[in-house]
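# Remarks on the overall topology
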Amino acid sequence: MAGRVFVPAEDVQTFVEEARATSYPLAAANSGNVMISFCVEDAATGTVTVLEQWASQEALDRHVATPEVTALLTKWGPRIRNEVRRFQADETDPRA
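How each quantity is defined
Within each chain, residue numbers correspond to sequence positions counted from 1 in written order. Note on the predicted model: pLDDT of at least 70 is required for a residue's local features to be given, and 80 or more for side-chain atom pairs to be given and counted; whole-chain, interface and lining totals, by contrast, use all residues. Each side-chain value is worked out from all heavy atoms of the structure, with water and hydrogens disregarded. Helical segments are the DSSP runs of H or I of at least four residues, strand segments are the runs of E of at least two, and each set is numbered from the N terminus. The cut-offs for exposure are 20% and 50% of the maximum accessible area for each residue type, with area from a 1.4 Å probe on protein chains only; residues under the lower value are buried, those over the upper are exposed, and the others partly exposed. Lines fitted to C-alpha atoms define the axes here, with helix axes fitted over just the stretch in contact, and angles between the N-to-C directions of these axes take values from 0 to 180 degrees. Each angle gets one of four labels, with under 35 degrees taken as roughly parallel, over 145 as roughly antiparallel, 65 to 115 as roughly perpendicular, and the rest as oblique. Working rule for handedness: look at the near helix, and if it is turned counterclockwise from the far one by less than a right angle, call the crossing left-handed; if clockwise, right-handed. Every residue pair with non-hydrogen atoms within 4.5 Å of one another is taken to be in contact. In this count, Pro and Cys sit with the nonpolar residues alongside Ala, Val, Leu, Ile, Met, Phe, Trp and Tyr, while Asp, Glu, Lys and Arg are called charged and the others, Gly among them, polar. By definition here, a helix of n residues has an expected span of 1.5 Å times n minus one. As defined here, a cavity is a set of points on a 1 Å grid over the protein atoms alone where a 1.4 Å probe fits but cannot get out. A pocket is an open set with protein on both sides within 12 Å along at least five of seven lines, and residues line them when an atom is within 4 Å of a point. Grid points are joined across faces, edges and corners, and a volume is the space filled by probe spheres set on the points.

### Thoughts on the environment of A29
- Along the chain, A29 turns up in helix α1 (residues 12-29).
- Note on A29: relative accessible area 69%, which makes it exposed.
- As a C-alpha pair, A29 and H63 span 34 residues in sequence and 9.5 Å in three-dimensional space.

This is the structure we're talking about:
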């Protein structure tokens, strides 16, 4: 998964701190997580870069279904614009 989340500029630091505090430990405990990162790209515009890599859709589904991630998405969902997209890379494809 890769993309941007747009948060009100005055809330961008709080959003990133909460997203990291929630998602990083849960992802680390999920054997299907390869990488997860939230970082402020542009504080003035509230732009956050999101990068996640999961071994499978099932691993991602487990992560998103945790009560902590559900609560984070419920809290912030109405206040953000999410432009994060899912991509699937096939390691047998030389273009991947």
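### Remarks on the packing of α1 against helix α3 (residues 67-76)
- For the pair α1 and α3, interaxial distance at closest approach is 10 Å and the crossing angle is 160°. Considering the angle they form, α1 stands roughly antiparallel to α3. The two elements α1 and α3 meet at a crossing, and its hand is left-handed. Between α1, through T14, F15, E18, A19, T22, S23 and L26, and α3, the contact on the second element is made entirely by E68, V69, L72, K75 and W76.
- By residue class, the composition of the contact of α1 with α3 is six nonpolar, three polar and three charged.

### Structural notes on α1
- Over its 18 residues, α1 runs 26 Å from end to end, which matches the ideal 26 Å to within 8%, given 1.5 Å per residue.
- Taken together, the buried positions of α1 are occupied by V12, F15, V16, A19, T22, S23 and A27.
- Elements in contact with the buried residues of α1: β1 (2-6), β2 (33-42), β3 (47-54), α2 (57-64) and α3.

### A word on the layout of surface pockets
- Computed from the structure, the largest pocket encloses a volume of approximately 430 Å³.
- Together, 13 residues line the largest pocket, and W54, A55, F87, Q88 and A89 are the ones closest to its centre.
- Counting residues per element, the ones that place at least two in the lining of the largest pocket are β3 and α2.
- In terms of residues, the lining of the largest pocket owes the most to one element, β3, which gives three residues.
- Taken as a whole, the second largest pocket holds about 370 Å³ of empty space.
- Lining the second largest pocket are 20 residues, with M1, F38, E52, L73 and N82 positioned closest to its centre.
- Those elements that place two or more of their residues in the lining of the second largest pocket are α1, β3, α2, α3 and β4 (81-85).
- Top contributing element to the lining of the second largest pocket by residue count: α3, with four residues.
- Split into classes, the residues belonging to the lining of the second largest pocket amount to 14 nonpolar, four polar and two charged.

Nothing here speaks to function; it is all geometry.
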